[in-house]
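Notes for the structure review
Chain residues, written in single-letter form:
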Amino acid sequence: MSNASKFDMIKPVIVGAGPAGIRAAQTLVSHGLRPTVLDESPSWGGQIYRQPSVHFKRTKKGLYGFEAGRADSVHQAMAEILDRVDYHPDTLVWNAQDNQLDTLSSGKTSVSSYSHLILATGATDRVLPFEGWTLPGVYSLGAAQIALKAQGNSIGDRVVLMGTGPLLYLVAYQYVRAGANVVAVLDTSKRKSQVAATGSMLSLPSVLLKGVYYIAWLRAHGVPLFEGINPIRASGHERVTGIVWEDDRGNHEISCDAIGFGYALRSETQLADILGCRFSFDRLQRAHLPERDECGRSSIDGVYLAGDGAGIMGADAAEKAGELVALTLISDAQPSLIHEKDRTRMKELQSELSRIKRFRLGLEQAFPFPQNWANQTPDDLIICRCEEISAGQIRQAVQVNGAIEINRVKALTRVGMGRCQSRMCAAAAAEIIADCAGIDISEVGRLRGQPPIKPIPFVTEQQTGETQIRDKQ
Ligand SMILES: Cc1cc2nc3c(=O)[nH]c(=O)nc-3n(C[C@H](O)[C@H](O)[C@H](O)COP(=O)(O)OP(=O)(O)OC[C@H]3O[C@@H](n4cnc5c(N)ncnc54)[C@H](O)[C@@H]3O)c2cc1C
């Protein structure tokens, strides 16, 4: 069979043009394949290497700091293969079945078929609500960073950043470097956890050093850092005007006009779910994740998983996982295209990913999930803001209806049924169910993905003949 006809049988599609998706595309191209790359963002780069709009002129160093070199390398990699991939930006994949993806671009839906699929869909913030979190002026930490990276904006004039995880200090550093006024960084983890985890994080000393540097830099620049805090409420009526928190020394309050908060990240797993990939509970990430083997194969033939969408491992791991799944895909689809050097590279990538995994263990120790969150959450706190479902309503479903499985609680209360399709509230709702029922978080299950995985327009013809677009969902 000629090379051309061999390649015709392989139609790889990659969802996501972040570090994982780009390295996967680059690897497929380097082996003579022509992948389709679909991404809902207007340009490639993903979350960490998100590119600003064309008229926005901050330097790469200013935008990405220490990561400027890597950002450049990832951006360049994609720029160099543009003529050998079918790249579709601004294209949301909202459903997947039978080797076909339903997409939405410029208000139009279409279908993209594949023989092999790489899901490199990344992550979003893990949100744990607190009183006042729905006030205008309260953002997720990731959203606060997107405002800065994509538009050069601070979320406010007096910004509080709160939660836990490495992104907390990184965003604080980026904000202050960009000239924003960060009036407090409130970390629910204790500094002693971070010190205790140093040993485990030594597997990647340069990454550890960067984290230490951010904290030292913020301190040296007079940014007030508080650790071991417990958020009490964001105050304000029409928008946020302050934050109240407690620590070992008592209650504290500071005025602010914006809060960015988040507790590490959660993987975007809906497409894997809709495709029927097998999931299992990952204790480290406190989440049900699609299973994958050491090369990134899911439980479904021809579906591969790479990057943060399959478990939070960070951007460097995403690049390596993207390259590894692409090599795996090629070796499954057309083994003759894989040479000895590819097999050696696959082994190297696997061992580098194992090293990063050890580092991840350290990170989770350094910035532990706030175990007491669910227990301390008042009944009247809104957990699902799309459907306005409170912690009390979730508890009632557990206590009165005996529901302990999250899809059952959803059916009874509508938690997770709104526009965000549970991307914001599922983690918090699961914690409340587990705490209220006195069961392990792994036993609560996971909310099943439903197409469309994100809101899509519902187009109707009006009598006037004008096209009206409404939100479906
Ligand atoms: C808001 C945010 C900010 C972050 N900032 C940093 C940072 O500054 N430094 C750092 O080290 N780490 C950061 N992280 C973590 C970092 O983004 C990841 O480790 C890294 O980007 C993972 O790469 P990835 O390719 O797996 O996913 P991503 O970079 O997230 O890329 C995934 C891509 O998939 C696309 N996508 C997802 N679902 C669909 C769909 N259904 N249809 C079409 N396209 C889809 C997205 O538009 C995105 O471009 C951040 C994470 C988030 C959520």
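Rules used throughout
Residues numbered from 1 in each chain as written. Predicted model: local features only at pLDDT ≥ 70, side-chain atom pairs only at ≥ 80, totals over all residues. Helix = DSSP H or I, 4+ residues; strand = E, 2+ residues; numbered from the N terminus. Rg over C-alpha atoms; globule rule 2.2 N^0.38 Å. Buried ≥ 20, exposed ≤ 12 C-beta atoms within 10 Å, placed from the backbone. Near = placed C-beta within 6 Å. Nonpolar A, V, L, I, M, F, W, Y, C, P; charged D, E, K, R; others polar. Domains from an automatic or database assignment. Contact = placed C-beta atoms within 7 Å. Pairing = 2+ DSSP bridges. Axes fitted to C-alpha atoms, helices over the stretch in contact; angles between N-to-C directions. pLDDT = per-residue confidence, 0-100. Right-handed = clockwise from strand over helix to strand, strands pointing away. Expected span 1.5 Å × (residues − 1).

Let's shift gears to the overall build of the chain. Within the chain, the regular secondary structure consists of 16 helices and 24 strands. Over its C-alpha atoms the chain spans a radius of gyration of 23 Å, differing by no more than 12% from the 23 Å that the globule rule assigns to 473 residues. Taken over the C-alpha atoms alone, the chain extends approximately 75 × 55 × 50 Å along its principal axes. Looking at the 473 residues of the chain, the share that counts as buried comes to 45%.

What follows covers the site of the ligand. Near the ligand lie 36 residues; those nearest to it are Gly 18, Gly 46, Gly 122, Gly 142 and Gly 307. Counting only elements with at least two residues in the shell around the ligand, the list comes to α2 (19-30), β4 (91-97), β8 (123-125), α5 (141-151), α6 (166-177) and α11 (315-333). Grouping the constituent residues of the shell around the ligand by class yields 18 nonpolar, 14 polar and 4 charged. Split by domain, the shell around the ligand shows at least three residues from each of two domains, domain 1 (3-124 + 266-338) and domain 2 (127-263).

Quick look at the environment of Gly 211 now. Structurally, the position occupied by Gly 211 is in helix α9 (residues 205-220). With 17 C-beta atoms packed within 10 Å, Gly 211 lands in the partly exposed category. It is 7.0 Å that separates the C-alpha atoms of Gly 211 and Pro 166, two residues lying 45 residues apart in sequence. When neighbours within four sequence positions are excluded, Gly 211 is seen to be in contact with Pro 166 and Tyr 169.

Before going further, it helps to spend a moment on the sheet that holds strand β14 (residues 242-247). Spatial strand order, β13-β14-β15: 3 strands in an open sheet with antiparallel pairing. The open sheet has two edge strands, β13 (230-235) and β15 (250-255), and neither has a second partner. Pairwise comparison of adjacent strand axes, ignoring direction, gives a mean angle of 20° for this sheet. When β13 meets β14, the two strands line up antiparallel, connected through 5 bridges. The residue bridging Ser 235 from the neighbouring strand is Gly 242, located in β14.

The next thing to look at is the pairing of β14. The two faces of a sheet get side chains in turn, since along a regular strand they alternate between them. In this antiparallel pair of consecutive strands, β13 and β14, the connection spans 6 residues, and Gly 236 shows a positive phi of 130°. Of the strand pairs in this sheet, β14 and β15 are connected by 6 bridges, and their pairing is antiparallel. Bridge pairing in β15 places Ile 243 opposite Ile 254. In sequence, β14 turns back onto β15 through a hairpin of 2 residues.

With that settled, the discussion passes to the confidence of the model for the chain. Here the chain averages 92 in pLDDT, while 95% of its residues score no lower than 70. Low pLDDT (under 50) marks residues 460-473, which in the prediction has 21 contacts with non-local residues, meaning those over four places away or in another chain.

What follows is about the pairing of strand β10 (residues 159-164). Here β10 lies mainly inside the structure; 6 of its 6 residues are buried. Across 6 bridges, the pairing between β10 and strand β16 (residues 258-263) is parallel. Among the inter-strand pairings, Thr 164 is bridged to a residue of β16, identified as Tyr 263. Strand direction decides the pairing type here: β10 and strand β11 (residues 182-187), joined by 5 bridges, are parallel. Within the sheet, the bridge partner assigned to Val 160 lies in β11 and is Ala 184. With respect to chirality, the unit in which β10 leads through α6 into the neighbouring parallel β11 is right-handed.

Another aspect to go through is the domain arrangement of the chain. Along its sequence, the chain is carved into domain 1 (3-124 + 266-338), domain 2 (127-263) and domain 3 (371-473). Taking only C-alpha atoms into account, the centre of domain 1 sits 27 Å from that of domain 3. Taken residue by residue, the interface counts 15 residues in domain 1 and 14 residues in domain 3. At the level of elements, β4, α10 (270-274) and β18 (279-282) are the ones that each hand at least two residues to the side of domain 1 that touches domain 3. With 4 residues, the top contributor of residues to the side of domain 1 that touches domain 3 is α10. Within the side of domain 1 that touches domain 3, the residues separate by chemical class into 7 nonpolar, 5 polar and 3 charged.

Below, the discussion takes up the environment of Gly 18. Note on placement: Gly 18 falls in the loop between β1 (12-15) and α2. Under the C-beta neighbour-count criterion, Gly 18 is labelled buried, with 29 such atoms within 10 Å. Remark: the alpha-carbon pair of Gly 18 and Ile 48, spanning 30 residues in sequence, is separated by 7.9 Å.

Attention now goes to helix α4 (residues 68-81). With 14 residues, α4 should reach 20 Å at 1.5 Å per residue; the first-to-last C-alpha distance of 20 Å fits that figure. Contacts from the buried residues of α4 go to α2 and α3 (60-64).

Turning to unusual backbone geometry, a few remarks are in order. Excluding glycine, a negative phi dihedral is what most residues carry, and trans is how most peptide bonds are arranged. In the segment running from Pro 451 into Pro 452, the intervening peptide bond is cis, with an omega of -5°. Note on placement: Pro 452 falls in the loop between α16 (426-437) and β23 (457-461). Even without being a glycine, Ser 422 presents a positive backbone phi close to 75°. Position of Ser 422 among the secondary structure elements: in the loop between α15 (406-413) and α16.

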